[in-house]
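Residues per chain are reported as follows:
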Amino acid sequence: MSKHACESCGMPIEAGPYCQYCVDASGKLQPFEERFERMVQWQARKEPNASRADLEKKTLSYLAQMPAWKEHPHVKGRDPV
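So, here's what we can say about the structure. Model, not experiment: these values are computed from the prediction.

Considerations on helix 2 (residues 52-63)
In this model, helix 2 (twelve residues) spans 16 Å end to end at C-alpha, consistent with the 16 Å of a helix rising 1.5 Å per residue. When we look at burial in helix 2, the residues that qualify are Leu 55, Glu 56, Thr 59, Leu 60 and Leu 63. Around the axis of helix 2, the buried residues are gathered within 130° of arc, so they sit on the same side. Pointing more than 90 degrees away from the buried face of helix 2 are the exposed residues Ala 53 and Lys 57. Tucked into the core, helix 2 has its buried residues touching helix 1 (32-46) and helix 3 (73-76).

Here it is, written out as structure tokens:
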């Protein structure tokens, strides 16, 4: 089975539009605010000395490339949650 990227975070997955980390218990995409915060936390682990503002900016730039979020108002306006 070929892998493709999660439309929310970019993680390689085998089936469906989203990975297990981006959906709730019913398989529905989690709210933007929840995904944004988790992605900021992930970025903070990669860059522990970065400021919160820098982490949010980088996260928004990354999410702007993801099909699930590129049209979201926070992403289009690059406004943190």
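Once you've had a look at it, read on.
Side note on the side chain of Gln 43
Looking at the secondary structure, you find Gln 43 in helix 1. Taking relative accessible area as the criterion, Gln 43 reaches 11% and is therefore assigned buried. Sequence-distant contacts of Gln 43, defined by excluding residues within four places in its chain, comprise Leu 55, Lys 58 and Thr 59.

Re the nonpolar core
Phe 32 and Leu 63 are the most contacted members of the largest nonpolar core, which has 15 residues in total. Broken down by secondary-structure element, the contributors of at least two residues to this core are helix 1 and helix 2. With sequence-adjacent residues up to four places away left out, Leu 63 is seen in contact with Ser 8, Phe 32, Phe 36, Met 39, Trp 69, Lys 70 and Val 75.

Things to note about the packing of helix 1 against helix 2
Viewed as axis vectors pointing N to C, helix 1 and helix 2 meet at an angle of 115°, and their least axial separation amounts to 9 Å. Remark: the crossing between helix 1 and helix 2 carries right-handed chirality. Contacts between helix 1 and helix 2 involve Phe 32, Phe 36, Glu 37, Met 39, Val 40, Gln 43 and Ala 44 on the former and, on the latter, Arg 52, Leu 55, Glu 56, Lys 58, Thr 59, Leu 60, Tyr 62 and Leu 63. Classifying every residue of the contact of helix 1 with helix 2 by side-chain character gives nine nonpolar, two polar and four charged.

Re the pattern of salt bridges
For the structure shown, the criterion picks out five salt bridges. For Glu 34, the salt bridge identified is with Arg 38, shortest N-O distance 3.2 Å. Taken together, the residues span about one helical turn, with Glu 34 and Arg 38 both in helix 1 at a distance of four residues. With a closest N to O distance of 3.1 Å, Glu 71 and Lys 76 form a salt bridge. As far as burial versus exposure is concerned, Glu 71 and Lys 76 are alike and both exposed. Taken together, the shared-partner salt bridges connect Glu 37, Arg 52 and Glu 56 into one network.

What counts, and where the lines are drawn
Residues numbered from 1 in each chain as written. Predicted model: local features only at pLDDT ≥ 70, side-chain atom pairs only at ≥ 80, totals over all residues. Heavy atoms only, no water. Helix = DSSP H or I, 4+ residues; strand = E, 2+ residues; numbered from the N terminus. Expected span 1.5 Å × (residues − 1). Buried < 20%, exposed > 50% of the residue type's maximum accessible area, 1.4 Å probe, protein only. Arc of directions from axis to C-beta. Contact = heavy atoms within 4.5 Å. Core = buried A, V, L, I, M, F, W, Y, C linked by side-chain atoms within 4.5 Å. Axes fitted to C-alpha atoms, helices over the stretch in contact; angles between N-to-C directions. Left-handed = near helix turned anticlockwise from the far one by under 90°. Nonpolar A, V, L, I, M, F, W, Y, C, P; charged D, E, K, R; others polar. Salt bridge = Lys/Arg side-chain N within 4 Å of Asp/Glu carboxyl O.

Remember, this is a structural readout, not a statement about activity or role.
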